[in-house]
Amino acid sequence: MNLRIADLTRAELAQRLARGLDLATGPFRFRITSAEARVAEGLHGLYADFPVTEEAAPLRDFHVRVERVPGLRRWLRPQIRFMHDAHAPFKPLPAEHALASLEWGMNWCIASYAHHLLSLHAAVLEKNGRAVLLPGEPGAGKSTLTAALALSGWRLLSDEIALVRLEDGLLLPLARPVNLKNASIDIIRARFPEAVYGPLSRDTHKGAVIHLRPPGDAVARMAEPALPAWVVFPRWQAGAPARFKPRPRAGTFVYAAENSFNYSVLGETGFAALRGLIDRSECLDFSYGDLDHALAAFEGLVT
Amino acid sequence: MNTAFHTLLRALREPASMAGLDAAAWDGLLRHARACGLLSRLAADVRSAGVFDGLPEIVRHHMRAAEIVAERQHRAVRWEVHKLRQALAPLACPIVLLKGAAYVMAGLSPARGRILGDIDLLLPRDRLDQAETLLRFAGWFGAGHDAYDQRYYREWMHELPPVTHFRRGSTLDLHHNILPLTARCKPQAERLWTGVRRLDAELHRLGDADLVIHAATHLYHEGEWGYGLRNLADIDALLREFGARDEFWTSLTARAAELDLARPLAYALRHAAALLATPMPVPALAWAQRTIGLRAGFMDGLFRRGFATAHIEFDDAWSGLARFALYVRSHWLKMPPHRLLPHLARKALRRQPEEST
């Protein structure tokens, strides 16, 4: 039986984090170092089902830290910064946002360096071996739908970054926490009170933010890729019935390319990978006003 | 000095040695090589050595990713040079590409796996104003330079304030010389022009010896040493490419003296030989020793530390001091004290408001 983060006490986790904790998420190995209590608390809750790896021969994709910004200000208004290797990609944030900063920072590492994969800004879930990609503008209800599906029998692969393997076009999981913002926080908490949520960060640049612990099954299967089958653009509208509508492929391709983190870096390879993804997927628009109706409509996709 | 730095030097000298590294050595090497801008170069080396497929999966992924970024940068530079050629056609004068863009467009060996940034051009000084206007019409604008910056560049430097393309984001540096006008070494730009080689109707590069001398001058006047080893690797590659001909070495040292750039070249030869095992004839090394003279011991120590300062997490007790000394030295060489002190004071004062935002 492998050791999981939940098997450690919070104090043990904090000790390991201060020295450096190895955390594997899908294909990536992170080495996370932080003395921040908020980071230990957050990881203890959100990454409970993740394995604790203890290797004799350590080789990681990313070395990251969340650390206090030194200086006089730390006594007045303490700030933290996210560090990848020797540099800080973002400006410092108030110390209350330590956990959110780690989550964004880890996403940043993947989006900035994982060019052996095509990465798109989209959520990915899978059922019966077939995966749905959910791109969508902020405010379109993507995170709400992702969280609801992940808590209703769909396997969560990713909330923010879809990873397409260039060799075979399969989607790779990350199984990281789902980032809920503003209005979706209350909707999901009311609908799924039994799920585990991290601490609330108010007033980040994205508004209020909370993270949802990924279901145990999603974490246990984070090495298992999935075959893309649908690209669905969700749009929440008050009172709208839950309905799928076909969407032109060419426009879907262009939208996905523009919302990719590295399409232009990959050049021709990126074009081929994205074309493969769109070719094997049904492209749909999806409008909904009620979460239960939306879940039923997605059930209809797989049956 | 740190282990990862030594692993990196060995990897550059003997690429096949990378096949024998364990996971812990790779962990340090990947981080250090990336901080130095040399990961894509190592990728090219392991492929040539035929050992890529046997490397750990994480290493292959990061090397492939670094290659993809470098390939993209090479494509972008070719395209930008094409656009530049169109934009500057009315100048009807030769355009000399410098550094990375020259290596790529001339197909020289430092281009292998090299990451690229800004594009550097050398133009006759009296054509710079016209070139700047033409580039503005083509979408390259200067940004964020106040009156002081403008004066700093136009009166004292060897280049104009950088211009960036409003849509594509590419940045160009327009030079009329390879060192600031205020620098202690005073190469004459006219002499550089006598050696330039034609690549096609409009584009040129510096002559063989001048390429090496320019790379050395740039490296040993640099204040930030993060990419120092990458720049030394460029020099190593050029020396290996041109150095097969014996007469190259005599022309190289003579040319450095003619351009008043013997010192930087002498340091480059010593350090390339010592750190990267660049093959070179005994008289060339002896010339380098004579040129530097008694200072050699202390300065070599400083520079060798400088090459290892790319990644702060691998610092030792002396790294901070070395970094600071090299920064001060760079300014000292580029400006006389009566200009330097007010300039540094101004930079220090102006930095404050940016940090508090």
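Rules used throughout
Residues numbered from 1 in each chain as written. Chains lettered and ligands numbered in written order. Predicted model: local features only at pLDDT ≥ 70, side-chain atom pairs only at ≥ 80, totals over all residues. Heavy atoms only, no water. Helix = DSSP H or I, 4+ residues; strand = E, 2+ residues; numbered from the N terminus. Buried < 20%, exposed > 50% of the residue type's maximum accessible area, 1.4 Å probe, protein only. Contact = heavy atoms within 4.5 Å. Areas by Shrake-Rupley, 256 points an atom, 1.4 Å probe, with all protein chains shown as cover. Rg over C-alpha atoms; globule rule 2.2 N^0.38 Å. Domains from an automatic or database assignment. Buried area = accessible area lost by both parts, 1.4 Å probe. Salt bridge = Lys/Arg side-chain N within 4 Å of Asp/Glu carboxyl O. Polar contact = N/O pair within 3.5 Å; in protein donor to acceptor, adjacent residues only side chain to side chain. Nonpolar A, V, L, I, M, F, W, Y, C, P; charged D, E, K, R; others polar. Core = buried A, V, L, I, M, F, W, Y, C linked by side-chain atoms within 4.5 Å. Pairing = 2+ DSSP bridges. Axes fitted to C-alpha atoms, helices over the stretch in contact; angles between N-to-C directions.

Below, the discussion takes up the overall build of chain B. What chain B contains, in helices and strands, is 16 helices and seven strands. Dimensions of chain B, computed from the C-alpha atoms along their principal axes, are close to 55 × 55 × 45 Å. Sorting the 357 residues of chain B into buried and exposed places 54% on the buried side. Of the contacts formed within chain B by residues at least 6 apart in sequence, a portion of 70% connects residues at least 24 apart. Here chain B has roughly 15600 Å² of accessible surface; of this, 55% comes from carbon and sulfur atoms.

Once that is clear, we can look at the overall build of chain A. Helices and strands together make up the secondary structure of chain A, namely 11 helices and 17 strands. Its C-alpha radius of gyration of 19 Å places chain A within 12% of the 19 Å reference for a compact globule of 303 residues. Here the contacts in chain A between residues at least 6 apart in sequence split such that 70% fall between residues at least 24 apart. Accessible area of chain A: about 12800 Å², with a carbon and sulfur share of 53%.

We now examine the domain arrangement of chain A. All names here are of chain A. Taken domain by domain, chain A holds domain 1 (5-113) and domain 2 (117-302). On the domain 2 side, the residues contacting the 22 residues of domain 1 number 31 residues. Across the domain 1 to domain 2 interface the summed buried area is about 2100 Å²; carbon plus sulfur atoms make up 67%. Where R176 meets E103, a salt bridge forms, and the shortest distance between an N and an O atom there is 3.1 Å. For the pair domain 1 and domain 2, the number of links is five residue pairs in polar contact (both at pLDDT 80 or more). Among the elements of the structure, β1 (21-25), α2 (37-46) and α4 (98-113) are those that each provide at least two residues to the side of domain 1 that touches domain 2. It is α4 that contributes the most residues to the side of domain 1 that touches domain 2, eight residues altogether. Its residues assigned to classes, the side of domain 1 that touches domain 2 comprises 14 nonpolar, five polar and three charged.

Let's shift gears to the pattern of salt bridges. According to the stated counting rule, one finds 39 salt bridges over all chains in the structure shown. In this structure, A:R60 and A:D22 form a salt bridge, with 2.8 Å as the shortest nitrogen-oxygen distance. Taken together, the positions of A:R60 in the loop between α2 and β3 (62-68) and A:D22 in strand β1 put the pair 38 residues apart, joining distant regions of the chain. The burial state of A:R60 is the same as that of A:D22; both residues are buried. Linking B:K99 and B:D120 is a salt bridge whose minimum nitrogen-to-oxygen distance equals 3.8 Å. Here the residue B:K99 occupies a position in helix α5 (residues 99-106), and B:D120 occupies one in strand β2 (residues 119-122), the gap between them amounting to 21 residues. For the pair formed by B:K99 and B:D120, the shared burial category is buried.

What follows concerns α2(A). Burial in α2(A) covers these residues: A:V39, A:A40, A:G42, A:L43, A:H44 and A:L46. Packing partners of the buried residues in α2(A) comprise α1 (10-19), β1, β2 (28-34), β3, α4 and β14 (207-212) of chain A.

Core analysis: the largest hydrophobic core is formed by 107 residues, its most contacted members being B:M63, B:L239, B:L252, B:L269 and B:F307. In this structure B:F307 touches B:F5, B:L219, B:Y220, B:W225, B:G228, B:L229, B:L232, B:H271 and B:L275, once residues within four positions along its chain are discounted. Within the second largest apolar cluster, 39 residues are counted, among which are A:L13, A:I110, A:L163 and A:V219.

Let us look at the sheet that holds strand β13 (residues 201-204) of chain A. All names here are of chain A. Read from one edge of the open sheet, three strands run β12-β14-β13, paired in antiparallel fashion. What marks the edges here is a single partner per strand, and that holds for β12 (178-181) and β13. This sheet shows a mean twist of 35° between the axes of neighbouring strands, independent of strand direction. Bridging between β13 and β14 involves two bridges; their strand directions are antiparallel. For T204, the partnering residue across the bridge sits in β14 and is G207. Running over the sheet, α4 touches β12, β13 and β14 and is turned about 75° from β14.

Below, the discussion takes up the pairing of strand β17 (residues 282-288) of chain A. All names here are of chain A. By the bridge criterion, seven bridges tie strand β15 (residues 227-236) to β17 in an arrangement that is parallel. Opposite R235, over in β17, you have S287 as the bridge partner. As defined by bridge partners, strand β16 (residues 243-246) adjoins β17 across four bridges and the pair is classed as antiparallel. Looking across to β17, one finds that R243 is bridged to S287.

Every regular strand shows the same layout, with side chains that alternate between the two sheet faces. Residue and element names in this part refer to chain A. In terms of residue burial, β15 counts as a mostly covered element, since seven of its 10 residues are buried. Pairing geometry for strand β8 (residues 130-134) and β15, over four bridges, is parallel. When the bridges of β15 are listed, V132 appears paired with W230.

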